Amino acid sequence: MKPKILIVDDEKPLRDTLAKWFAPSYDCLTAPDAEQALSMVAATPDLALVITDFKMPGASGIELARRIKAERPDLPVIILTAHADVNLVIEAMRDGVDDFFQKPVTDLPQFELRVAKAIRTAALEREVTDLKSQLGTELENFTGKSPAMERIYRLIRKVAPTDATVLIEGPSGSGKELVARALHNLSRRAKGPFVAVECAALSATLLESELFGHEKGAFTDALARRLGKFEQASGGTIFLDEIGEIDLPTQVKLLRVLESRTFQRVGGNEDITADFRLVAATNRDLLRLVAEGSFREDLYYRLNVIDIRTPALRDHREDIALLVSRFLKEFSAANGGTVTGIEPAALKALEDYDWPGNVRQLRNVIEKMVVLASGPRLTTDDLPMEITEAAPDASTPRAAPAPPPSPATGSRPTEAAPKAAAAPTTLADAEKAQILAAIARCNGNKSRAATLLGISRRSIHRKLKAWGEKDLDADRTHDLSQQP
Ligand SMILES: Nc1ncnc2c1ncn2[C@@H]1O[C@H](COP(=O)(O)OP(=O)(O)OP(=O)(O)O)[C@@H](O)[C@H]1O
Ligand SMILES: [Mg+2]
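The text that follows walks through the structure, step by step, so that each part is easy to find.

Calculation criteria
- Residues numbered from 1 in each chain as written.
- Chains lettered and ligands numbered in written order.
- Predicted model: local features only at pLDDT ≥ 70, side-chain atom pairs only at ≥ 80, totals over all residues.
- Heavy atoms only, no water.
- Helix = DSSP H or I, 4+ residues; strand = E, 2+ residues; numbered from the N terminus.
- Expected span 1.5 Å × (residues − 1).
- Buried < 20%, exposed > 50% of the residue type's maximum accessible area, 1.4 Å probe, protein only.
- Arc of directions from axis to C-beta.
- Axes fitted to C-alpha atoms, helices over the stretch in contact; angles between N-to-C directions.
- Parallel < 35°, antiparallel > 145°, perpendicular 65-115°, else oblique.
- Left-handed = near helix turned anticlockwise from the far one by under 90°.
- Contact = heavy atoms within 4.5 Å.
- Nonpolar A, V, L, I, M, F, W, Y, C, P; charged D, E, K, R; others polar.
- Pairing = 2+ DSSP bridges.
- Phe/Tyr/Trp six-rings, centres within 6.5 Å; stacked < 30°, edge-to-face > 60°.
- Near = heavy atom within 4 Å.
- Polar contact = N/O pair within 3.5 Å; in protein donor to acceptor, adjacent residues only side chain to side chain.
- Areas by Shrake-Rupley, 256 points an atom, 1.4 Å probe, with all protein chains shown as cover.

As for helix α6 (residues 147-159)
The first and last C-alpha atoms of α6 sit 18 Å apart over 13 residues, in line with the 18 Å expected at 1.5 Å per residue. Here α6 has its buried residues at A148, M149, I152, Y153, L155, I156 and V159. An end-on view of α6 places all buried positions within 165 degrees of arc, on one side of the element. For α6, the exposed residues set more than 90 degrees away from the buried face come down to P147, R154 and K158.

Structural data, given as structure tokens:
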């Protein structure tokens, strides 16, 4: 479909000449004066540009431009004038006129170029405005006004429009995937695919064919060619979740992809190029894995072009009230809207808790409280056991609240900060105590404990392994499916 333009001039011969010249590339409307032009503008929402004479009976071309811009600021207007008066030009530009052209128009091809340029500029400006308004709505998925969260929003805004590789580090349930999706949705790739790969869920061989695809016959089950996630993500974003879990041979392949942007399908020898943006996430301390030799240093630096660290919830407790209010509204609406608020004492208990499962755990807790609520307002009686049991008793007054996180270390998952509750001395200890308590409460069933804490069962297993805890438990049978 050709773009529509409107040509306004009181002299019919000039209107007709222009309309005829532009007809091959544009759908031309014409009007003899400003009044008729305005009603045509109003009736043509997909109008791309207006060309108007300067001197006309009735309102002038500049007056027309001013009135058009009042209604449609993004509709470009070009004025044709016989008077090459610089002051006039400057004044009119200030009123929103986009360009001027000298009458009589002797160089029609040159004029057509200027028209095309004005239309293109307006389209670009619209795109920027759209992106900006999306920026508002995309970040609406986030709640929190703390400095730690503001920092995340700033980073997202800055980094999203670029194609830079991003590594998102942060503890379980702290919003890493939310950040990854925002990075995609606020980028020029937003209309392209967002392809998430859960690296930890797959064995090394499966992961490789999942990422790179495979040719027919590459292995016994490869009955047909299959496109890998990198190819599927072409024109969009690939999100490699739990990247700390991939094995060394796959790391080598990944590094090669990041360096050359090309790869081969399993069982194939054709070099494939895919246009993707890579975002990776981990809740492990990758630098420590590098030090231990289980993560390649060169890959780490390739991934870590931009580093976004999502803070542990205990490092931005000031957001808990806002988060509670958001989740309360959400779950109350889903449950008939009977719960309308929360008592200050109950909120205080939530604010004082340590949240090993971070925002996800808070969300789960609020959902549970809303579903089980005994009245219209949540009270301390509605608090789940993991919170009431963790609360310090009245005889041990709480220490001062945790200090705000320092940008350098505050959001490190392994960071040890002053612990408010009495017994454990570091956050790592506190976390361990809480997880072990949850497992004990669930009679050793780690799946249930994980649900209770709002963290994944895998991460419980990982932590137990890290602490050297014995891995014999009630839900071993479920685990068999996970064993290689
Ligand atoms: N700042 C926030 N505001 C609102 N909701 C949030 C925020 N952070 C996280 N959430 C919500 O918490 C839940 C967990 O977030 P998400 O899945 O992004 O965490 P994650 O860091 O990827 O966790 P994991 O390490 O377990 O994969 C989601 O429901 C998400 O919408
Ligand atoms: Mg996640």
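Overview of the packing of helix α13 (residues 320-334) against helix α14 (residues 344-352)
At a minimum axis separation of 10 Å, α13 and α14 run at an interaxial angle of 120 degrees. Considering their axes alone, α13 and α14 lie oblique with respect to each other. The handedness of the crossing between α13 and α14 comes out as right-handed. Where α13 abuts α14, its residues I320, A321 and V324 lie against L347, L350 and E351. For the contact of α13 with α14, the class distribution of residues is 5 nonpolar, no polar and 1 charged.

Quick look at the sheet that holds strand β13 (residues 277-282)
Reading across from one edge, β7-β10-β13-β6-β14 is the order of the 5 strands in this open sheet, with parallel pairing throughout. If you trace the sheet from one side to the other, it starts and ends with β7 (194-198) and β14 (306-309), each paired once. On average, each strand axis in the sheet is inclined to that of its neighbour by 20 degrees, with strand direction left out of account. In the sheet, β7 pairs with strand β10 (residues 237-241) via 5 bridges, with the strands oriented parallel. Looking at the pairing, V195 lines up with I238 of β10.

Details of the packing of aromatic side chains
Counting across every chain of the model gives 11 aromatic pairs. With a centroid separation of 5.8 Å and 40 degrees between ring planes, the pair formed by F230 and F263 is classed as tilted. Here F230, found in helix α9 (residues 229-232), pairs with F263, found in strand β11 (residues 262-263); they are 33 residues apart in sequence, far enough to count as distant. Residue class for F263 comes out buried when judged on its relative accessible area of 6%.

Structural notes on the site of ligand 1
The environment of ligand 1 is made up of 18 residues, and the closest members are T143, G173, K176, L178 and R360. Contact distances for ligand 1 include 3.2 Å between an oxygen atom and a side-chain N or O atom of S172. Contact between ligand 1 and E177: an oxygen atom at 3.0 Å from a main-chain N or O atom of the residue. Contact with the protein chains hides 86% of the accessible area of ligand 1, taken as 630 Å² for the molecule alone. Those elements that provide at least two residues to the shell around ligand 1 are α7 (176-185), α13 and α15 (358-372). Taken together, the residues of the shell around ligand 1 break down into 7 nonpolar, 7 polar and 4 charged.

Focus: the packing of helix α18 (residues 446-453) against helix α19 (residues 457-467)
Direction vectors running N to C along α18 and α19 enclose 110 degrees, while the axes themselves pass 8 Å from each other. In terms of orientation, α18 and α19 fall into the roughly perpendicular class. Packed against α18, whose contacting residues are K446, S447, A449, A450 and L453, the element α19 presents R457, I460, H461 and L464 at the interface. Taken together, the residues of the contact of α18 with α19 break down into 5 nonpolar, 2 polar and 2 charged.

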